[in-house]
Amino acid sequence: MLKEKPVGSYVLAVQTPIYRLSEQSFAVESAFSHHLKQLREQFAGRISKFVIIAPEMSEESYRSSPSLTIIGAESGIDVLPAYPADVSVTAFWTKHAGRIWREVTARVGDASVVHSGLASDLWRPLVAFVNLAAWRCGKPLMFVVDIDFRKNTKRLRTLGIWSLKSYLTNRFFHDPIRWLQVWLAVRVAKLVLLKSPRMVRDFGAGRPHVKNFLDTAFSTEHVLSADDLDERIAALHSDDGPLRLVYFGRLVPYKGLHLAIDAIGIAKARGKEVQLAIIGDGPSLPDLRRRVEDAGLSANITFMPPVVYGAPLFERLSRFHASIACPLTEDTPRAAIDSMARGLPLVAFDLDYFEGLAEMSGAVTLARWPSAERLAEALMDVSLERQRLVSQTRHAVEFARTNTQQIWLERRLAWVEEYLLTDPPVLPRQERSGAFA
């Protein structure tokens, strides 16, 4: 069992910038603030204090960001703003690196749990400093990887987004170092959480402390009830109209919605009407609207403003048959499983995350990345095979019901209890060389 008395601190290292308002309060992205609240509630009475180590947001960024949440003194969370988020690489190493190492080592030295992950910014490797300090101090480390990065370099080159120089730099420098970090973490960290069954198989190789972790956002009450599911299934059986798809989330280029528009155009040209509602806002909105108009698809594709998560969003989602996801690079959108919770299976590109969801849920129709034609074929198949849509709808709700946020938080807490807070002996530094065996 976890210790009853609060002991030590919970050190959380992130690359998401924070803005310090005073000694007792700070501002963070709204999504991150919810994560902090969950952690604080989960470990209340078990950890003496929480410490966040993160880059520091500039005042200009703070004032121009509309999606920040202020966290006050009542949270009981301390913040270590490690370095200015916009600092140059030269300034990072000449002005900040030495101080950061000393401060990180001091904070980690008092920790009962160190929660860290992959250092994706290799030129300003704050997270790597934390991982190294945890190993040197013999502190239990929880290492989290949110996305399978291994194929993104090839994908970005295939799409023509990266130059040959960028491709080679990432292929032979950045990616090997990221890969090495995960390889080492599996051998050094007490608990490794990877958001990919394939990564668990490839890196974990059966090791019990390497787990697949779904970071879901919905609760049990958000999942479609049995009666509502029966009603939805009955409606699907009697509905012979066009397939109605939905996308909800940020409208940014890497989400690949231009390919969804192209796919609907291809399906229409082949005599199959498919409808799509795009719910959200973002920098891609004007280009997407223009693409729809130029393709003559205004009757098939509509745009809706963002909706508050909860009942307003769920009411809108009830009008659709399935959700679509066609990102250009590896992505782990929470909207994917949110859709399943409301009885909407997915049509998605065969990126690793969606292949994993298809394997686990049986509620995903995959199309070959990054082909709009293959996506169109998948849409037409789903439209024609309504019985498959019915089956996937049932599977989607079943999967969501067993993968709520509370289930995964309790699972993570149990893993932390088993692997991190069981008073393992702290090895002297010179005895830890065998950790890499």
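Residues numbered from 1 in each chain as written. Predicted model: local features only at pLDDT ≥ 70, side-chain atom pairs only at ≥ 80, totals over all residues. Heavy atoms only, no water.

Caption draft 1: Structural context of the overall build of the chain. When helices and strands are counted, the chain shows 16 helices and 16 strands. The C-alpha radius of gyration computed for the chain amounts to 23 Å, which stays within 12% of the reference 22 Å derived for 437 residues, consistent with globular compactness. Viewed in the frame of its principal axes, the chain has a C-alpha envelope of about 70 × 50 × 45 Å. Taking all 437 residues of the chain together, the buried fraction comes to 52%. Counting only contacts in the chain whose residues sit at least 6 apart along the sequence, the fraction spanning at least 24 positions is 76%. (Helix = DSSP H or I, 4+ residues; strand = E, 2+ residues; numbered from the N terminus. Rg over C-alpha atoms; globule rule 2.2 N^0.38 Å. Buried < 20%, exposed > 50% of the residue type's maximum accessible area, 1.4 Å probe, protein only. Contact = heavy atoms within 4.5 Å.)

Caption draft 2: Geometry of the packing of aromatic side chains. Taken as a whole and assessed by the stated rule, the structure comprises 15 aromatic pairs. Here the aromatic rings of tyrosine 19 and tyrosine 62 are separated by 4.2 Å at their centres, their planes lie at 5°, and the arrangement is stacked. With tyrosine 19 in strand E2 (residues 19-20) and tyrosine 62 in helix H2 (residues 59-64), this pair connects stretches of sequence that are 43 residues apart. There is no split in this pair, since tyrosine 19 and tyrosine 62 are both buried. (Phe/Tyr/Trp six-rings, centres within 6.5 Å; stacked < 30°, edge-to-face > 60°.)

Caption draft 3: Summary view of unusual backbone geometry. A cis geometry characterises the amide bond from tryptophan 369 onward to proline 370, with omega recorded as -10°. Here proline 370 is to be found in the loop between strand E16 (364-367) and helix H14 (372-384). One non-glycine residue, alanine 205, lies in positive phi territory at about 50°.

Caption draft 4: Quick peek at the sheet that holds strand E1 (residues 9-13). Spatially, seven strands are ordered E6-E4-E1-E7-E8-E9-E10 in an open sheet, and the strand pairing comes out parallel. With partners counted over all chains shown, the strands left at the sheet margins are strand E6 (77-84) and strand E10 (210-212), one partner each. Neighbour-to-neighbour, the strand axes of this sheet turn through a mean angle of 20°, independent of strand direction. Most of the contacts of helix H3 (residues 89-109) go to E6, to which it runs at about 160°, and overall it touches E1, strand E4 (49-56), E6 and strand E7 (111-117). (Pairing = 2+ DSSP bridges. Axes fitted to C-alpha atoms, helices over the stretch in contact; angles between N-to-C directions.)

Caption draft 5: Expanded view of the pattern of salt bridges. One pass over the structure, following the stated rule, counts 22 salt bridges. The partner of glutamate 377 in a salt bridge is arginine 374, with the nearest N and O atoms 3.4 Å apart. Placement of the pair is glutamate 377 and arginine 374 together in helix H14, with a separation of three residues, close to one helical turn. Glutamate 377 gets classed as partly exposed once you look at its relative accessible area, which sits at 27%. Judged by relative accessible area, which is 29%, arginine 374 ranks as partly exposed. (Salt bridge = Lys/Arg side-chain N within 4 Å of Asp/Glu carboxyl O.)

Caption draft 6: Focus on the sheet that holds strand E14 (residues 322-325). One open sheet accounts for six strands, arranged E13-E12-E11-E14-E15-E16; its pairing is parallel. What marks the edges here is a single partner per strand, and that holds for strand E13 (301-304) and E16. Strand after strand, the sheet turns through a mean of 25° between neighbouring axes, direction not considered. Bridge analysis of strand E12 (residues 274-279) against E13 gives four bridges, and the strand direction is parallel.

Caption draft 7: Highlighting a nonpolar patch on the surface. Taken together, Trp123, Phe173 and Ile177 make up a surface patch of nonpolar side chains, about 260 Å² in accessible area. Inspection of the secondary structure puts phenylalanine 173 in helix H6 (residues 164-188). Residue phenylalanine 173 is classed as partly exposed on the basis of its relative accessible area, which comes to 32%. (Patch = residues over 30% accessible without salt bridge, like charges linked within 9 Å, V, L, I, M, F, W, Y side chains within 5 Å. Areas by Shrake-Rupley, 256 points an atom, 1.4 Å probe, with all protein chains shown as cover.)

Caption draft 8: A look at the environment of phenylalanine 203. Summarising the element assignment, phenylalanine 203 is placed in helix H7 (residues 197-204). In the structure, phenylalanine 203 is positioned 17 residues away from valine 186 in sequence and 7.1 Å away in space, judged by C-alpha atoms. Setting aside chain neighbours within four positions, we find phenylalanine 203 in contact with Arg150, Trp179, Val182, Trp183, Val186 and Leu194.

Caption draft 9: Geometry of the pairing of strand E11 (residues 243-248). Counted residue by residue, E11 has five buried out of six residues, so it is predominantly covered. Sheet analysis places E11 next to E12, joined by six bridges and oriented parallel. Residue pairing for E12: leucine 243 is matched across the bridge by valine 274. Two strands pair when backbone bridges link them, and E11 and E14 are joined in this way by two bridges, in the parallel orientation. When the sheet's bridge partners are listed, leucine 245 is paired in E14 with alanine 322.

Caption draft 10: Seen up close, a negative patch on the surface. A cluster of like negative charges, contributed by Asp227, Asp228, Asp230 and Glu231, occupies part of the molecular surface. By the element assignment, glutamate 231 lies in helix H8 (residues 226-238). (Lys, Arg positive; Asp, Glu negative; His and termini not counted. Charge placed at Lys NZ, Arg CZ, Asp CG, Glu CD.)

Caption draft 11: Fine view of the packing of H3 against helix H4 (residues 126-137). Where H3 meets H4, the axes come as close as 9 Å, and the angle between the chain directions of the two elements is 40°. By the criterion of interaxial angle, the relationship of H3 to H4 is oblique. Handedness of the crossing formed by H3 with H4: right-handed. Residues Phe92, Trp93, Ala97, Ile100, Trp101, Val104, Thr105, Val108 and Gly109 of H3 form the contact with H4, whose participating residues are Leu126, Phe129, Val130, Leu132, Ala133, Ala134, Arg136 and Cys137. (Parallel < 35°, antiparallel > 145°, perpendicular 65-115°, else oblique. Left-handed = near helix turned anticlockwise from the far one by under 90°.)

Caption draft 12: How the structure looks around the packing of helix H9 (residues 257-269) against helix H10 (residues 285-294). H10 packs onto H9 with a crossing angle of 15° between their chain directions and a minimal axis gap of 10 Å. In this view, H9 runs roughly parallel relative to H10, as classed from their interaxial angle. Considering the relative orientation of H9 and H10, their crossing is right-handed. Residues Leu257, His258, Ile261 and Asp262 of H9 lie in contact with H10, whose contacting residues are Leu288, Arg291 and Val292. Taken together, the residues of the contact of H9 with H10 break down into four nonpolar, one polar and two charged. (Nonpolar A, V, L, I, M, F, W, Y, C, P; charged D, E, K, R; others polar.)

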